[in-house]
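Each chain, written out:
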2 protein chains.
Amino acid sequence: MFKLSRMADYGVVVLSRMARQPGELVTAVEMAQRTGLPQPTVAKTLKLLTRGGLIASHRGVQGGYSLERAPEQVTVTEIITALDGPVALTACVEGSDDNCAVESLCPIRGHWERVNEAVKGALDAVTLADLTSAQEDAAINFGRPRAAKAAAPADA
Amino acid sequence: MFKLSRMADYGVVVLSRMARQPGELVTAVEMAQRTGLPQPTVAKTLKLLTRGGLIASHRGVQGGYSLERAPEQVTVTEIITALDGPVALTACVEGSDDNCAVESLCPIRGHWERVNEAVKGALDAVTLADLTSAQEDAAINFGRPRAAKAAAPADA
DNA sequence: TCAAATCAGGACCGCAATCGTCCTGTTTCG
DNA sequence: CGAAACAGGACGATTGCGGTCCTGATTTGA
């Protein structure tokens, strides 16, 4: 229950790595090497984070991604939102598709939103800095279910 | 993101319906008729709720299920836990399977747990009574994606 | 001006977990 | 003893997600 998506995990890993040298411009492949995650996935994650406004991208030969905001300014809510869409407990709440046919007369809806707010608040209270604080030198490679086969390039 | 499972939705629907007559003994098929949900699914939900200790079951000819606890005593956390397992944000936290190979040296882990607690607290604060309060007479049939075909028996 | 590097965006496929159903016991009452 | 109802688990379909790749746009440097 409640498992946040793999993408969100990757986002935290990538951002944590970037937080170590804020402002530095790193390419997607470089990032993949540093984190040990597969390149395409890292690239995708970086793109999502860019679209979410969490990092800045620079095209061209000497391009790359950079963390422009301070780690204390980046909340977990933002990370999750950028990678998985808005934080919402129930399909009922967003009402995006045809999820809830009788949405208008569903009285539970309002109550769920209250819970949603509380959850969102909890996630807002945690920043990237909080998640990064203790892992300065530790190897960052959690959250990979069973893909830990071919040993990571280990910074090659 | 965060979408809680369909089962949890069903659980709330069923429990809300039961909360209207606490102590009354209703069978699974009866419950299905009242809620408009398919019988097998309702039966499954009832079983899970029973196992979770949220309702009591009585076998035999005149058997059925009954809500023994007061609606104010039933928290959302309990409902979710009964139907979907423990509330945990990350695969990292539970550490049940081989999800996290480097769990022991993953420094992010502790921080996620903090978030987990906050989320759990938010869900603990909402009871079944809160979700039931306003829906005394409204038809309860949200959360059904596209299965709203054959109009519900409407209490037959 | 041209070529290389790098990001942007989307399409696509495969897997996995979930959802929903059903079947076979077990218990209780008439 | 038979019917009613719950208990528990097995099983198949489906949806969403995770992961990869391809094509285009943009910038830099020779």
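Rules behind the numbers
Residues numbered from 1 in each chain as written. Chains lettered and ligands numbered in written order. Predicted model: local features only at pLDDT ≥ 70, side-chain atom pairs only at ≥ 80, totals over all residues. Heavy atoms only, no water. Helix = DSSP H or I, 4+ residues; strand = E, 2+ residues; numbered from the N terminus. Buried < 20%, exposed > 50% of the residue type's maximum accessible area, 1.4 Å probe, protein only. Contact = heavy atoms within 4.5 Å. Areas by Shrake-Rupley, 256 points an atom, 1.4 Å probe, with all protein chains shown as cover. Near = heavy atom within 4 Å. Polar contact = N/O pair within 3.5 Å; in protein donor to acceptor, adjacent residues only side chain to side chain. pLDDT = per-residue confidence, 0-100. Axes fitted to C-alpha atoms, helices over the stretch in contact; angles between N-to-C directions. Left-handed = near helix turned anticlockwise from the far one by under 90°. Nonpolar A, V, L, I, M, F, W, Y, C, P; charged D, E, K, R; others polar.

**Structural notes on the overall build of chain A**
Of regular secondary structure, chain A possesses 7 helices and 2 strands. Each helix and strand of chain A, placed in order from N terminus to C terminus, yields the pattern α-α-α-β-β-α-α-α-α. Sorting the 156 residues of chain A into buried and exposed places 47% on the buried side. Considering only contacts within chain A whose residues lie at least 6 apart along the sequence, 64% involve residues at least 24 apart. By element, 50% of the accessible surface of chain A is carried by carbon and sulfur atoms, the whole surface being about 7500 Å².

**Comments concerning the protein's contact with DNA strand D**
Within the structure, DNA strand D sits among 22 residues, and Thr 41 and Arg 59 of chain A together with Ser 57, Arg 59 and Tyr 65 of chain B are positioned closest to it. Each atom of DNA strand D within 4 Å of the protein belongs either to a base or to sugar and phosphate, the latter forming 74%. Separating a base nitrogen of DNA strand D from a side-chain N or O atom of Lys 44 of chain A is a distance of 3.1 Å. Taken together, the elements giving at least two residues each to the surface near DNA strand D come down to helix 1 (6–19) and helix 3 (39–51) of chain A together with helix 3 (39–51), strand 1 (56–58) and strand 2 (64–66) of chain B.

**What about the confidence of the model for chain A?**
Residue and element names in this part refer to chain A. Here chain A shows a mean pLDDT of 74. Residues at 70 or above account for 68%. In this model, residues 93–107 is a region of pLDDT below 50 whose contacts with residues beyond four sequence positions or in other chains number 26 contacts. Here residues 135–156 is modelled with pLDDT under 50, and outside its nearest four sequence neighbours on either side it reaches 33 contacts, counting other chains as well.

**A look at helix 4 (residues 76–84) of chain B**
Along helix 4 of chain B, the residues classified as buried are Val 76, Thr 77, Ile 79, Ile 80, Ala 82 and Leu 83 of chain B. Downstream of helix 4 of chain B by one or two residues, Gly 85 of chain B has phi in the positive range, about 85 degrees.

**Side note on the packing of helix 2 (residues 28–35) of chain B against helix 3 of chain B**
Residues and elements named next belong to chain B. At a minimum axis separation of 9 Å, helix 2 and helix 3 run at an interaxial angle of 115 degrees. For the element pair helix 2 and helix 3, the recorded crossing hand is right-handed. Seen from helix 2, the contacting residues are Ala 28, Val 29, Met 31, Ala 32 and Thr 35; seen from helix 3, they are Gln 39, Val 42, Ala 43 and Leu 46. Looking at the contact of helix 2 with helix 3, its residues break down into 7 nonpolar, 2 polar and no charged.

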